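Understanding the architecture of this molecule
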Amino acid sequence: VLSHNLCTVLNVPHDPVALEEHFRDDDEGPVSNQGYMPYLNKFILEKVQGNFDKVEFNRMCWTLCAKKNLSKSPLLISDEDAFKVWVIFNFLSEDKYPLIIVPEEIEYLLKKITEAMGAGWQQEQFDHYKIALNTSREGLSAWELIDLIGSGQFSKGMDRQTVSMAINEVFNELILDVLKQGYMLKKGHKRKNWMERWFVLKPNIISYYVSEDLKDKKGDIILDGNCCVEALPDKDGKKCLFLIKCLDKTFEISASDKKKKQEWIQAIQSTVSLLRAGSAPPHKEARQKRKELRQKLLAEQEELERQMRELQAANENKQKELETVRKQLEAAAARAAEEEKKRLQTQVELQDRFSLELEREKMVRQKMEEQVAQKSSELEQYLQRVRELEEMYKQLQEALEDEKQARQDEETVRKLQARLLEEETAKRAELEKWHLQQQQTIQMTEAEKQELENQRMMKEQALQVAMEQLKQLELERKEALEQYEEVKKKLETAANNTKSWKDKVAHHEGLIRLIEPGSKNPHLITNWGPAAFTEAELEQRQRSWKGKKATSE
């Protein structure tokens, strides 16, 4: 029934045979949404040409889901108004499942309804509601939106009829693409009389009816890029005239006042301009721009979050690097202090040795003064020793300079190590990116593995059914064997009973033969089954018949 109604509403030929063939093997109970979707996509939605009544299609979908999801609490709007709000929700919702309408689109819809009611928009009240909404969820479902509008939270002081008219006006604009509508006088083409008609302006056509209930349609004015509209002076007692020129016809129309005339002229000119530019209706173009703006803001926000994460990761890496450098500097300072301590200790030891040597030399000098003449050679040796000590002191100074240079080289090596650590961090990030790609590939492999597992389970179920059938056949075979044994026993009994008179009819064996169990030798096959004689027995009987025939002749 569902498939037939869908095909009827969408103007698609219904094929009951295809439906039966598609669900022929599915006898395990009701069909789920996932089980019905392949048939819906292949045999119905792929055949839709777009030449169907979208309002009737929406009404059918509303009939399927409204009873289950619509709130049971009393609302300030009728079921028809709730249906129109539901259709508007489907137009304004985001293109992802489950469908929701974001706060920006909620604000746009409530503003349109408020303007249609002629009331003032309460921005502060909606800001409070938006803050409360953003803290709990991203948007509203269709049924929550119906509850919001039906609760009267943003239409306080308005009666049900005003709210209903406002919803109907917004529905006509957003869903039915009604850009403008109202009563005007139209001049006939044949009788040249003036008749009041209800005009409805859409993106490519102006339709006019007898009244605003749209039941009796009188004609259409087809609009294209070649159409134009011009204001006309008052004539024949008619005021506020304007002219619509098309390729094949012109239409003279009289508005109720100058304001209405100007509004209709501007609306028709704007529609023709959009047709020339190939643009969508204003509300659809505005919706697309709002959607693109939200997507752009979302992309910028995601990019900002990504940059913040990268900066945070870089900051953490810098902190780790600084901590590592600080520890290295502390270790280097400790080593330098230890080396400085050793150097000072060495210098003190050298000074002590030098002092001892000087004391010793003084004593020797005193002895040498006492024995100048005798110890002149020893004095020369002493002076030579002093020069050697001075040379050693210079060498120690050079060693200290070499140590400073080595410390500077160590600092250069430390900087090189820091740069290598940065490169290693970049390599690690690249490896993590490859790891994520491998994880995604593994996940895809897991999905394929799950699908193979499902196929294996189905084959095992089919094997189980086949095993049960095999067991049933085995039971039937055993019963057939038992019946065969019983028949065999009966045949043996009948053979024993016929042995006593078998000799009496031996000379008539050419005409009749008793039924008895056959031999194990190969048997002849006749049209009625296995023969009663073997081939050897048949030859013997033929020779006997021929002998008897010859004797009688």
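Here, every reference points to the structure presented above.
Now for a quick tour of the structure. Source: prediction; values computed, not measured.

**Considering the pattern of salt bridges**
- For the structure on display, the rule yields 21 salt bridges.
- With its nearest N and O atoms 2.8 Å apart, the salt bridge here joins glutamate 105 to arginine 290. Separated by 185 residues along the polypeptide, glutamate 105 in helix H6 (residues 103-117) and arginine 290 in helix H11 (residues 282-370) bring together distant segments of the chain.
- Of the residues examined, arginine 290 reaches a relative accessible area of 19% and is grouped as buried.
- Between arginine 456 and glutamate 460 there is a salt bridge; the shortest N-O distance is 2.1 Å. Of this pair, arginine 456 and glutamate 460 both sit in helix H12 (residues 376-498), 4 residues apart, roughly one helical turn.
- The class of arginine 456 is partly exposed, set by a relative accessible area of 35%.
- Ionic contacts of the salt-bridge type, sharing partners, join the residues Glu105, Arg290 and Arg294 into one network.

**Quick look at unusual backbone geometry**
- One non-glycine residue, asparagine 11, lies in the positive phi region at around 60 degrees.
- Position of asparagine 11 relative to the elements: it lies in the loop between helix H1 (2-9) and helix H2 (16-22).

**Observations regarding the environment of leucine 463**
- Of note, leucine 463 is situated in helix H12.
- Each C-alpha atom of the pair leucine 463 and proline 281 lies 60 Å from the other, and the pair is 182 residues apart in sequence.

**Regarding the packing of H1 against helix H3 (residues 33-43)**
- For the pair H1 and H3, interaxial distance at closest approach is 12 Å and the crossing angle is 35 degrees. At the point where H1 passes H3, the crossing takes the right-handed sense. Each of Leu2, Ser3 and Leu6 in H1 lies in contact with H3, whose residues at this interface are Tyr36, Tyr39 and Leu40.

Thresholds applied
Residues numbered from 1 in each chain as written. Predicted model: local features only at pLDDT ≥ 70, side-chain atom pairs only at ≥ 80, totals over all residues. Heavy atoms only, no water. Salt bridge = Lys/Arg side-chain N within 4 Å of Asp/Glu carboxyl O. Helix = DSSP H or I, 4+ residues; strand = E, 2+ residues; numbered from the N terminus. Buried < 20%, exposed > 50% of the residue type's maximum accessible area, 1.4 Å probe, protein only. Axes fitted to C-alpha atoms, helices over the stretch in contact; angles between N-to-C directions. Left-handed = near helix turned anticlockwise from the far one by under 90°. Contact = heavy atoms within 4.5 Å.

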